[in-house]
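# Architecture and fold: a report
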Amino acid sequence: MKYYIIAGEASGDLHASNLMKSILKKDPEAEFRFWGGDLMMQVADSAPVKHYKDLAFMGFLEVAKNLRTIFKNLAFCKSDISQYKPDKLILVDYPGFNLRIAEFAQTSGLEVIYYISPQLWAWKEGRVSKIKKFVDEMLVILPFEKDFYKGHGVKAHFVGHPLLDALSDLPSLDQAQFRTEKGLDQREIIALLPGSREQEVTKMLQLMLSVRPHFPEYQFVIAGAPSLPKSFYEKFVEKDVHFVSNETYNLLRCSRAALVTSGTATLETALLNIPEVVCYRSSRISYEIGKRVIKNIKYISLVNLIMDREVVKELIQQELNTDNLVEELGRILNGRTREKMLKDYSALREKLGGKGASDLAANIITGN
């Protein structure tokens with residue numbers, strides 16, 4: 001079978017790569033053409049048609065400024081699919097782009113599988129009609145999404161969360177060796193996960209690093225995103241501020257706590273059992289637009305959304321300041337708040353189910 005896969009972000013690259021591995025177990029002769037990143041490239045042993053770092057536009061203003069590029073990519077993608085003639089098209093999240101491709105593919109007679117639902121339950125609920133019309137199989141990874149789609153007359157398969165697969169496959173880690181290799185001393189680590197886009201990282205790191213004078217007994221380590229060069233981070237590295245490139249999971253496993261920009265990383269941090277404070281700040285215009293578009297959502301972090309209650313503290317917009325960061329970070333380094341959060345993390349893992357999401361999704365996709 002020939003599969004055409006489109007993943008437009010780093011998290012999509014991770015989950016799509018594990019899905020590809022599972023498809024190959026069922027269909028060893030499978031061929032892949034894909035939009036994604038380095039992890040998918042390792043599985044397919046070929047370069048992506050487009051790398052996700054050339055596709056990621058964050059926020060309403062950035063999308064508006066790059067509309068010409070987005071439309072060019074859409075046209076190119078449709079042409080490329082037509083030439084490749086895949087047996088199945090697999091779309092991974094990335095809704096603004098992928099739903100347009102789903103419409104094109106369905107009208108072209110291609111079978112369309114959507115793996116990892118767009119967050120339609122948060123905003124643009126009207127897009128469910130497009131899912132219903134243009135998607136043959138909907139594979140969701142959050143337990144409440146199946147009921148959401150059922151309420152709209154769409155059959156969806158809950159396959160479990162693929163992060164459980166990715167994290168269960170991690171090799172054992174020699175923490176002492178990791179610290180030595182990265183030039184870290186024996187003090188406990190506070191990990192900083194500022195995001196993956198340059199503008200976002202600059203803004204978030206400045207805020208995260210502002211807490212340093214209040215925690216001199218800790219060392220702060222920045223988790224570098226694979227989409228940004230090491231040289232970008234050099235201006236933030238100084239005494240007691242270190243940088244680790246593209247080894248976020250290993251860094252977290254060595255950490256006492258973390259400050260994390262809202263996104264998939266909040267769930268990754270929780271599943272690795274590291275207490276965290278969730279941080280989010282965007283431009284005032286983007287935030288005000290977002291408040292009016294997003295509805296019926298009490299939280300921004302996946303951890304709290306899945307549990308439907310506050311497990312991790314979220315500092316949003318003006319609440320994200322040095323004083324609040326210092327207070328919340330102090331609470332999760334020791335004491336009752338830390339103990340309760342770790343207990344809640346255990347309940348979170350139970351709610352997401354066990355590992356096997358990638359294999360279950362591959363079973364549905366290949367018909368095995």
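The structure we're discussing is the one just above.
Residues numbered from 1 in each chain as written. Predicted model: local features only at pLDDT ≥ 70, side-chain atom pairs only at ≥ 80, totals over all residues. Heavy atoms only, no water.

### Here we look at the overall build of the protein chain
Across its full length, the protein chain carries 18 helices and 12 strands. Against the compact-globule benchmark of 21 Å for 368 residues, the protein chain has a radius of gyration of 21 Å, which places it among compact chains. For the C-alpha atoms alone, the extent of the protein chain along its principal axes is close to 60 × 45 × 40 Å. A buried classification covers 50% of the 368 residues belonging to the protein chain. Here the analysis covers contacts within the protein chain between residues at least 6 apart in sequence; of these, 66% occur between residues at least 24 apart. If you sum the accessible surface of the protein chain, you get close to 17,000 Å²; carbon and sulfur atoms cover 48% of it. (Helix = DSSP H or I, 4+ residues; strand = E, 2+ residues; numbered from the N terminus. Rg over C-alpha atoms; globule rule 2.2 N^0.38 Å. Buried < 20%, exposed > 50% of the residue type's maximum accessible area, 1.4 Å probe, protein only. Contact = heavy atoms within 4.5 Å. Areas by Shrake-Rupley, 256 points an atom, 1.4 Å probe, with all protein chains shown as cover.)

### With respect to the sheet that holds strand β11 (residues 276–280)
Taken together, the 6 strands give an open sheet; going across it, the order is β9-β8-β7-β10-β11-β12, and neighbouring strands pair in parallel fashion. This sheet does not close on itself; its edge strands, each paired only once, are β9 (241–245) and β12 (313–316). When the angles between neighbouring strand axes are averaged without regard to direction, this sheet yields 25 degrees. Note: strand β8 (residues 219–224) against β9, 5 bridges, orientation parallel. Looking at β9, one finds that valine 221 is bridged to histidine 242. Against the sheet, helix α13 (residues 264–271) makes contact with β7 (189–193), β10 (255–261) and β11, and its axis sits at roughly 165 degrees relative to β10, the strand it touches most. (Pairing = 2+ DSSP bridges. Axes fitted to C-alpha atoms, helices over the stretch in contact; angles between N-to-C directions.)

### Side note on the pairing of strand β4 (residues 111–115)
For β4, a buried count of 4 out of 5 residues is recorded, marking the element as mostly surrounded by other parts of the structure. Looking at chain direction, strand β3 (residues 88–92) and β4 are connected through 5 bridges and run parallel. The partner of isoleucine 90 across the bridge, within β4, is isoleucine 113. Each parallel crossover has a hand, and the one from β3 via helix α5 (residues 95–107) to β4 is right-handed. Inspection of the sheet shows β4 paired to strand β5 (residues 137–140) by 3 bridges, in the parallel sense. Bridging from a neighbouring strand, tyrosine 114 pairs with methionine 138 of β5. (Right-handed = clockwise from strand over helix to strand, strands pointing away.)

### Regarding the packing of aromatic side chains
Using the criterion set out here, one finds 10 aromatic pairs in the structure. Seen in terms of ring centroids, phenylalanine 215 and tyrosine 218 are 6.4 Å apart; in terms of plane orientation they differ by 70 degrees. Their pairing is edge-to-face. In terms of burial, phenylalanine 215 and tyrosine 218 fall into one category: buried. Measuring from centroid to centroid gives 5.2 Å for phenylalanine 232 and tyrosine 233, while their planes differ by 80 degrees, and the two rings are edge-to-face. For the residue pair phenylalanine 232 and tyrosine 233, the accessibility class agrees, reading buried in each case. Among the aromatic residues, those joined into a ring-pair cluster are Trp35, Phe76, Tyr94 and Phe97. Directly above the aromatic system of tyrosine 84 lies the positively charged group of lysine 2, at a separation of 4.3 Å from the ring centroid. The aromatic ring of phenylalanine 76 is capped on one face by lysine 50, whose charged end is 5.5 Å from the ring centroid. (Phe/Tyr/Trp six-rings, centres within 6.5 Å; stacked < 30°, edge-to-face > 60°. Lys NZ or Arg CZ within 6 Å of the ring centre and 35° of its normal.)

### Topic: the sheet that holds β3
Spatially, the 6 strands line up as an open sheet ordered β2-β1-β3-β4-β5-β6, and their pairing is parallel. On the outer flanks of this sheet lie β2 (31–35) and β6 (156–158), each paired with one strand and no other. The mean angle between the axes of side-by-side strands here comes to 20 degrees, regardless of whether they run parallel or antiparallel. Helix α1 (residues 10–26) rests against β1 (2–7), β2, β3 and β4 of the sheet, and its axis sits at about 165 degrees to β1.

### Here's the deal with helix α17 (residues 336–352)
Here α17 contains 17 residues, and its C-alpha end-to-end distance of 25 Å stays within 8% of the 24 Å for a straight helix at 1.5 Å per residue. Where α17 is concerned, the buried positions are Arg338, Met341, Asp344, Tyr345, Leu348 and Leu352. When α17 is viewed along its axis, its buried side chains cluster within an angular range of 120 degrees and face the same direction. Turned more than 90 degrees away from the buried face of α17, the exposed residues are Arg336, Glu339, Lys343 and Glu350. Directly beyond the C-terminal end of α17, a positive phi value near 80 degrees is found at glycine 353. (Expected span 1.5 Å × (residues − 1). Arc of directions from axis to C-beta.)

### Focus: the side chain of aspartate 80
Looking at where aspartate 80 falls in the secondary structure, it is placed in helix α4 (residues 67–84). Assessed through its relative accessible area of 8%, aspartate 80 is described here as buried. One polar contact links aspartate 80 to arginine 33, side chain to side chain, over a distance of 2.7 Å. (Polar contact = N/O pair within 3.5 Å; in protein donor to acceptor, adjacent residues only side chain to side chain.)

### Focus on the pattern of salt bridges
Evaluated as defined, the whole model comprises 12 salt bridges. The closest approach of N and O atoms between aspartate 359 and lysine 25, which form a salt bridge, is 3.3 Å. Pair noted here: aspartate 359 is in helix α18 (residues 357–366) and lysine 25 is in helix α1, with a separation of 334 residues, a long-range link. Residue glutamate 247 pairs with lysine 182 through a salt bridge whose shortest N-O separation is 2.5 Å. Separated by 65 residues along the polypeptide, glutamate 247 in the loop between β9 and α12 (248–253) and lysine 182 in the loop between α9 (175–181) and β7 bring together distant segments of the chain. Of the residues examined, glutamate 247 reaches a relative accessible area of 24% and is grouped as partly exposed. The network of salt bridges with common partners includes Asp185, Arg187 and Asp240. (Salt bridge = Lys/Arg side-chain N within 4 Å of Asp/Glu carboxyl O.)

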